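Summary of structural features
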Amino acid sequence: MWSGPPQPDQGLPPPLAAVPVPWKSTDPCQGHRESPGALVETSAGEEAQGQEGPAAAQLDVLRLRSSSMEIREKGSEFLKEELHRAQKELKLKDEECERLSKVREQLEQELEELTASLFEEAHKMVREANMKQAASEKQLKEARGKIDMLQAEVDTILFAEFQAWRESPTLDKTCPFLERVYREDVGPCLDFTMQELSVLVRAAVEDNTLTIEPVASQTLPTVKVAEVDCSSTNTCALSGLTRTCRHRIRLGDSKSHYYISPSSRARITAVCNFFTYIRYIQQGLVRQDAEPMFWEIMRLRKEMSLAKLGFFPQEA
């Protein structure tokens, strides 16, 4: 029952149960009416929902924030684990790369050493082959030279003496080769009428201290050898014959000069040419085989023989 409007002294709204609810028809055809209790419950639910809405939204925000922080922490831990695993894998790869790099360097060094060894061995083989080829060619030339000399009735004994001398060249005139040349060519070519001067000339030729120079117009000191006036340009100091002397000789460091005829000059020059050539051989300046050397010596011996017999170039 409705008890009327609220009293001023109460100051509170009447309870919902005491509020009269009019009948309301929801369907004109059915004539259904809502009960007053249903209306009271609906109003209370709406009021409760109106009061719980902000709190629920705040709670949802807190839940979302907490969930976001949790996800962030888990994501950070996951990323840290992934980073640590990646760093570990990278370290392993670096170690593997370093190991492979050392292996590559070792293989390259071994390859270089092997290549150098192979090149050295190849050069050695080529060098040995060249030496063998040179030795074979030398033997072939010597054999052909011997055949040529045999075909020419050349003195094989003389060639054998020359080869023995060529193995160890010396200026010692007691060796068989030079002893023969001295006896057959050098001695007779330097055997002049004036024996005293001839001995001095021969010694100067052997010592390579004899000088031949053209006659100058200046005054020269007079030197007498066996009563022959050597200062005259019309008398040869070696032969003692009256000849036009266009050259003079000087022995060693002596300041004295001796006038010589063209014939005497040719004989001295021929012997000097022979000694010059064998000195070149002794000093290793002649790079030839035995056969060319031998024939050159034969040519020089021929010049000595011709000069001894008086055959010499007219310009002498």
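Every value quoted in this text rests on a predicted model; they were computed, and no experiment measured them.

This part takes up the sheet that holds strand β1 (residues 210-214). Pairing in this open sheet of 3 strands is antiparallel, and the strands run β1-β4-β5 from one edge to the other. Pairing within the sheet leaves two strands with one partner each, and these edge strands are β1 and β5 (258-260). Across the sheet, the axes of successive neighbouring strands diverge by a mean angle of 35°, strand direction being ignored. Running over the sheet, helix α4 (residues 195-207) touches β1, β4 (247-251) and β5 and is turned about 75° from β4.

Further remarks concern the confidence of the model for the chain. The pLDDT averaged across the chain works out to 80; a share of 75% of its residues lies at or above 70. Long-range and interchain partners of residues 5-34, a stretch whose pLDDT sits below 50, account for 17 contacts in this model, where long-range means more than four residues apart. Scored below 50 in pLDDT, residues 219-231 shows 28 contacts in the model against residues more than four places distant or in partner chains.

Attention now goes to the packing of aromatic side chains. In the structure shown here, the tally under the stated rule is 9 aromatic pairs. The interplanar angle of 85° and the centroid separation of 5.0 Å between the aromatic rings of Phe 159 and Phe 294 together place this pair among those described as edge-to-face. Note that Phe 159 is positioned in helix α2 (residues 156-167) and Phe 294 in helix α6 (residues 290-308), a separation of 135 residues in sequence. With respect to burial, Phe 159 and Phe 294 carry one shared label: buried.

Reading the values: the criteria
- Residues numbered from 1 in each chain as written.
- Predicted model: local features only at pLDDT ≥ 70, side-chain atom pairs only at ≥ 80, totals over all residues.
- Heavy atoms only, no water.
- Pairing = 2+ DSSP bridges.
- Helix = DSSP H or I, 4+ residues; strand = E, 2+ residues; numbered from the N terminus.
- Axes fitted to C-alpha atoms, helices over the stretch in contact; angles between N-to-C directions.
- Contact = heavy atoms within 4.5 Å.
- pLDDT = per-residue confidence, 0-100.
- Phe/Tyr/Trp six-rings, centres within 6.5 Å; stacked < 30°, edge-to-face > 60°.
- Buried < 20%, exposed > 50% of the residue type's maximum accessible area, 1.4 Å probe, protein only.

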